[in-house]
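Survey of secondary and tertiary structure
As a plain string of letters, each chain reads:
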Amino acid sequence: MKLDLNKYVTTDDALFHYTKLSVAIESILPTKKLKLSFLKDTNDPIENKFKIFSIFYEPWPGDEAGSRDSMNKISKEANSIINKILLSESRVLCFCSNKKLTLILNDNNTVVDKHNCLEGWNKSRMWSQYGENHCGICLVFSKDGLEKELKTKRHKIFGYKSGHVQYFQKRRIPWETVTLNGDRAKTEGVEQYSRNHVIENSEEFFYRKHIDYRDEAEYRAVVFDPDGKLEYLDISSSIKGVIAGYETS
């Protein structure tokens with residue numbers, strides 16, 4: 001049965017990816033592949049910059065100086081590993097969605113964003129910023145189709161996570177996330193603990209953005225790919241349509 005795109009773009013399964021016309025017709029559509037980006041290449045400084053992590057621990061009785069020196073070494077090593085995981089081993093696929101947003105305010109109360117009510121393909125800011133100032137393309141995808149394709153690639157990667165981004169009035173990442181547990185790092189080993197810390201705090205690292213970005217209503221997939229095995233995702237079974245901007249040639 002032929003897909004009715006006009007109806008499909010209003011559904012919860014529809015996701016939207018804005019891009020330049022040249023990228024769409026020269027790279028994405030002919031190959032049916034979508035490139036995953038590194039977090040360091042995103043445009044949000046909260047995500048793309050080196051993060052400083054503090055460390056807490058229980059001092060060793062009678063050898064406080066020794067424990068302090070040991071934990072300082074662990075902290076330095078863990079900072080390096082975690083930032084490597086976040087910035088150059090984690091790849092993301094980012095899409096607009098039709099989701100109606102709930103915003104998290106400074107007092108942790110929530111409010112429904114009544115102003116962000118446009119469908120994911122119809123956002124002027126996205127057309128201006130990512131869609132080549134309305135001269136580009138908005139690709140329409142099936143969320144379920146993308147998820148199924150990612151599941152088939154699980155053997156290649158360390159893991160993946162997907163979901164909707166939450167938008168906070170408070171800009172900074174919670175202190176619990178940027179504070180390391182020195183005792184755990186010593187017990188588990190710095191490398192393993194660092195990876196565990198990223199996985200355990202993935203919501204704060206990857207799905208927390210400032211309220212100013214709320215127009216994106218973003219849905220994203222995060223792929224943990226330390227060996228660089230999944231640079232592109234096959235979209236042949238998940239792409240549903242192409243929408244041109246009003247200035248597109």
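Keep in mind the model is a prediction, meaning the values are calculated, not measured.

**What to know about the side chain of His134**
Following the sequence through the fold, His134 ends up in the loop between helix H5 (124-129) and strand E8 (137-142). With residues up to four places along the chain from it excluded, the contact list for His134 reads Ser124, Trp127, Ser128, Gly245, Tyr246, Glu247 and Thr248.

**What to know about the packing of aromatic side chains**
Evaluated as defined, the whole model comprises 5 aromatic pairs. Measuring from ring centre to ring centre gives 5.6 Å for Phe95 and Phe141, while their planes differ by 70 degrees; the resulting arrangement is edge-to-face. Of this pair, Phe95 sits in strand E5 (residues 90-96) while Phe141 sits in strand E8, placing them 46 residues apart in sequence. Given the relative accessible area of 4%, Phe95 is considered buried. Taking relative accessible area as the criterion, Phe141 reaches 0% and is therefore assigned buried. Here the basic side chain of Lys40 rests over the ring of Phe38, its NZ or CZ set 5.4 Å away from the ring centre. Above the face of the Phe158 ring, Arg195 is positioned so that its terminal group lies 5.9 Å from the ring centre.

**Re the side chain of Thr42**
Of note, Thr42 is situated in the loop between strand E3 (37-38) and helix H3 (45-48). Within polar-contact distance, the side chain of Thr42 engages the backbone oxygen of Leu39 at 2.8 Å. Those residues in contact with Thr42 that lie beyond four places of it in its chain are Glu47, Asn48 and Val92.

**A look at the pattern of salt bridges**
Under the criterion given, the structure shown has 15 salt bridges. Glu89 is the salt-bridge partner of Arg195, the closest N and O atoms lying 3.1 Å from each other. Remark: Glu89 occurs in the loop between helix H4 (64-88) and E5 and Arg195 occurs in helix H8 (residues 190-200); sequence separation between them is 106 residues. With relative accessibility at 7%, the residue Glu89 sits in the buried group. Put simply, Lys209 and Glu216 hold a salt bridge, and the shortest N to O gap is 3.6 Å. A relative accessible area of 4% places Glu216 in the buried class. Residues joined in a network through salt bridges with shared partners are Glu47, Arg125, Lys209, Glu216, Glu218 and Arg220.

**Thoughts on H8**
Those residues of H8 lying buried are Val190, Tyr193, Ser194, Arg195, His197 and Val198. On its buried face, H8 is in contact with H4, strand E11 (179-181), helix H7 (182-188), helix H9 (202-206) and strand E13 (218-224).

**Thoughts on the layout of surface pockets**
As a volume, the largest pocket reaches approximately 810 Å³. What lines the largest pocket is a set of 29 residues, and nearest its centre among them are His17, Tyr18, Ser37, Cys94 and Tyr130. Elements with a contribution of two residues or more to the lining of the largest pocket: strand E1 (14-19), helix H2 (21-31), strand E2 (33-35), E5 and E13. Among the elements that take part in the lining of the largest pocket, E5 stands out by supplying 5 residues, more than any other.

What counts, and at which threshold
- Residues numbered from 1 in each chain as written.
- Predicted model: local features only at pLDDT ≥ 70, side-chain atom pairs only at ≥ 80, totals over all residues.
- Heavy atoms only, no water.
- Helix = DSSP H or I, 4+ residues; strand = E, 2+ residues; numbered from the N terminus.
- Contact = heavy atoms within 4.5 Å.
- Phe/Tyr/Trp six-rings, centres within 6.5 Å; stacked < 30°, edge-to-face > 60°.
- Buried < 20%, exposed > 50% of the residue type's maximum accessible area, 1.4 Å probe, protein only.
- Lys NZ or Arg CZ within 6 Å of the ring centre and 35° of its normal.
- Polar contact = N/O pair within 3.5 Å; in protein donor to acceptor, adjacent residues only side chain to side chain.
- Salt bridge = Lys/Arg side-chain N within 4 Å of Asp/Glu carboxyl O.
- 1 Å grid on protein atoms, 1.4 Å probe; cavity = no way out; pocket = protein on both sides within 12 Å on 5 of 7 lines; lining within 4 Å.
- Points joined across faces, edges and corners; volume = space filled by probe spheres on them.

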